[in-house]
Amino acid sequence: MRELEVLRVRGLRKQYGSGRKAVQANAGIDLDVARGEVVGLLGHNGAGKTTLVNQVVGLARPDAGSIRLAGVDAIAHPEKARRLASVQAQANVPITGLTPRVAVELVGRIRGGGRREVRWRTQDLLEALDLLPWADTPAEKVSGGVARLTAFAMAAVVPGRLVVLDEPTNDVDPVRRRLLWEQIRRLADAGAGVLLVTHNVREAERVVDSLVILDRGAVVAASTPSALTVGHRDTLVLELDTAPDEELRWPPGITAGPSHRLRATALVPSARAAELVRWAGAQVAAGRAERYALAPASLEDVYIDLVGPGAAPVLDLEEVG
């Protein structure tokens, strides 16, 4: 294990059920997280993300493979692994009867932080996440977004060598999501290794150092965001907001991408940009579309190319834990 490596996963396999009902939740996963690094673990619901996290922190035992967390064999010594990691689970931690401030301070003390240090760090997190208006409000009276941010602060107040964040932005409003991304980056800059589990590709792109993309329990890509998008440098995304009851017909040679009821997209070669801008303008002029936008292909487009626009869950991991 390299000196800077916090997490090293090799050949991880986990199956639920047997026979025809067997589901391969993890199918030979390799994964590394180093100190000071944010690694994004991306995948649709059922891709195997939460099962992987549960094995890393000793809540589930793999069928095969190895996990070393800060040099500790996390499979042989799951209790040590749990002490070396701090986790924000996918579900909010129940803190009924406590206020956000008390909950964060309590976790900081349990994790071994000094009273003054924990109090200062708690105040810093509450301010940074714009939680002060609810800091002393009973938890049962705060919104889901405030509860989610409180759960993050509980994981970050005295962070472990590895910080695992499982869908940390769920229920969080756009303004505070930006504040949260800043705090995630700060955790890594302070020396922790961060494993960020998410399906929010566009937002994760701003903060991660590298990405691991899962599909049906297997790693289908692992690299930096720039390396993953290098194959799409000559590709643009054309997006149109279509008018109600209008059927859009793309020009010859253009294949439609993921579309919704009133929005249509396509990946197009940059060499045809001028032609397609004229075509899109004509659609707006004719009333078949209300607006259009042309932009470089993003990491989200790469992700959809890899896993497909209709990637269906193979397992409800929230149910199996």
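Not measured: the values here are computed from a predicted model.

Thresholds, definitions, all that
- Residues numbered from 1 in each chain as written.
- Predicted model: local features only at pLDDT ≥ 70, side-chain atom pairs only at ≥ 80, totals over all residues.
- Heavy atoms only, no water.
- Helix = DSSP H or I, 4+ residues; strand = E, 2+ residues; numbered from the N terminus.
- Rg over C-alpha atoms; globule rule 2.2 N^0.38 Å.
- Buried < 20%, exposed > 50% of the residue type's maximum accessible area, 1.4 Å probe, protein only.
- Contact = heavy atoms within 4.5 Å.
- Areas by Shrake-Rupley, 256 points an atom, 1.4 Å probe, with all protein chains shown as cover.
- Pairing = 2+ DSSP bridges.
- Axes fitted to C-alpha atoms, helices over the stretch in contact; angles between N-to-C directions.
- Patch = residues over 30% accessible without salt bridge, like charges linked within 9 Å, V, L, I, M, F, W, Y side chains within 5 Å.
- Salt bridge = Lys/Arg side-chain N within 4 Å of Asp/Glu carboxyl O.
- Parallel < 35°, antiparallel > 145°, perpendicular 65-115°, else oblique.
- Left-handed = near helix turned anticlockwise from the far one by under 90°.
- Nonpolar A, V, L, I, M, F, W, Y, C, P; charged D, E, K, R; others polar.
- Core = buried A, V, L, I, M, F, W, Y, C linked by side-chain atoms within 4.5 Å.
- pLDDT = per-residue confidence, 0-100.

*Asks:* Which residues make up the overall build of the chain, and what values go with them?
*Replies:* In terms of regular secondary structure, the chain is built from 11 helices and 13 strands. Taken over C-alpha atoms, the radius of gyration comes to 22 Å for the chain, in line with the 20 Å a tight globule of 321 residues would show. With the C-alpha coordinates aligned to their principal axes, the bounding extent of the chain is approximately 65 × 50 × 40 Å. Looking at the chain residue by residue over its 321 residues, the buried ones come to 48%. A sequence separation of at least 24 residues applies to 69% of the contacts in the chain between residues at least 6 apart. Entry remark: accessible area of the chain is about 15500 Å², with carbon and sulfur atoms responsible for 49%.

*Asks:* Let's hear about the sheet that holds strand β1 (residues 5–16): which residues, and what values?
*Replies:* In spatial order, the strands read β2-β1-β4-β5; together these four strands make up an open sheet with antiparallel pairing. The sheet is open, and its two edges are formed by β2 (23–34) and β5 (72–73), each paired on a single side. Note that β1 and β2 share nine bridges and pair antiparallel. Paired with K14 across the bridge in β2 is N26. Helix α1 (residues 49–56) contacts β1, β2 and β4 (64–69) of the sheet and is inclined by roughly 120 degrees relative to β1.

*Asks:* So what's going on with a nonpolar patch on the surface? Residues and values would help.
*Replies:* On the surface, a cluster of nonpolar side chains totalling about 190 Å² of accessible area is made up of V277, V284 and Y292. Secondary-structure assignment places V284 in helix α9 (residues 273–285). With relative accessibility at 31%, the residue V284 sits in the partly exposed group.

*Asks:* If you had to explain the sheet that holds strand β3 (residues 38–42) to someone new, which residues and values would you point to?
*Replies:* Pairing is mixed across the open sheet formed by six strands, whose spatial order is β6-β7-β8-β3-β9-β10. For this open sheet the edge positions go to β6 (85–88) and β10 (218–223), each flanked by a neighbour on one side alone. Averaged over all adjacent pairs, the angle separating strand axes in this sheet is 15 degrees, with direction ignored. Relative to strand β8 (residues 193–198), α1 is tilted by about 150 degrees, and along the sheet it contacts β3, β7 (162–166), β8 and β9 (210–215). Contacting β3, β7 and β8, helix α6 (residues 174–189) runs over the sheet at an angle of about 150 degrees to β8.

*Asks:* Give a description of the packing of helix α3 (residues 100–110) against helix α4 (residues 115–128) that names residues and reports values.
*Replies:* Contact geometry for α3 and α4: axes closest at 9 Å, N-to-C directions at 140 degrees. As the angle between them shows, α3 and α4 are arranged oblique. Viewed along their axes, α3 and α4 form a crossing whose handedness is right-handed. Contacts between α3 and α4 pair R101, V104, E105, G108 and R109 from the former with R115, V118, R119, T122, Q123 and L126 from the latter. Class assignment of the residues belonging to the contact of α3 with α4 gives a composition of three nonpolar, three polar and five charged.

*Asks:* Just give me the short version of the environment of G97, but keep the residues and values in it.
*Replies:* Residue placement: G97 occurs in the loop between β6 and α3. Considering only alpha carbons, one finds G97 and E140, 43 residues apart in sequence, at a separation of 7.2 Å.

*Asks:* Run through α1, naming residues and quoting values.
*Replies:* Burial analysis of α1 places eight of its eight residues in the buried class, the great majority of the element. Among the residues of α1, K49, T50, T51, L52, V53, N54, Q55 and V56 are the ones counted as buried. Count one or two residues on from α1 and you reach G58, which has phi positive near 80 degrees.

*Asks:* Describe in detail the nonpolar core, supporting the description with residues and values.
*Replies:* Core analysis: the biggest nonpolar cluster contains 45 residues, and F152, I184, V194 and L196 have the highest contact counts within it. Broken down by element, this core gets its largest block of residues, six residues, from helix α5 (residues 144–156). In contact with F152, not counting residues within four places along its chain, are Q88, L125, L129, L165, L180, Q183, I184 and L187. With 28 residues, the next largest nonpolar core counts V9, L31, L52 and I75 among its residues.

*Asks:* Could you give an account of the confidence of the model for the chain, naming the residues involved and the relevant values?
*Replies:* Across the chain, the average pLDDT comes to 88, with 95% of residues at or above 70. Looking across the chain, the model is least confident in helix α11 (residues 317–320), with a mean pLDDT of 34, and most confident in α4, with 97.

*Asks:* Report on the environment of A221, specifying residues and quantitative values.
*Replies:* Checked against the element boundaries, A221 lands in strand β10. The sequence separation of A221 and L238 amounts to 17 residues, and the corresponding C-alpha distance is 25 Å. Those residues in contact with A221 that lie beyond four places of it in its chain are L211, V212, I213, L228 and L306.

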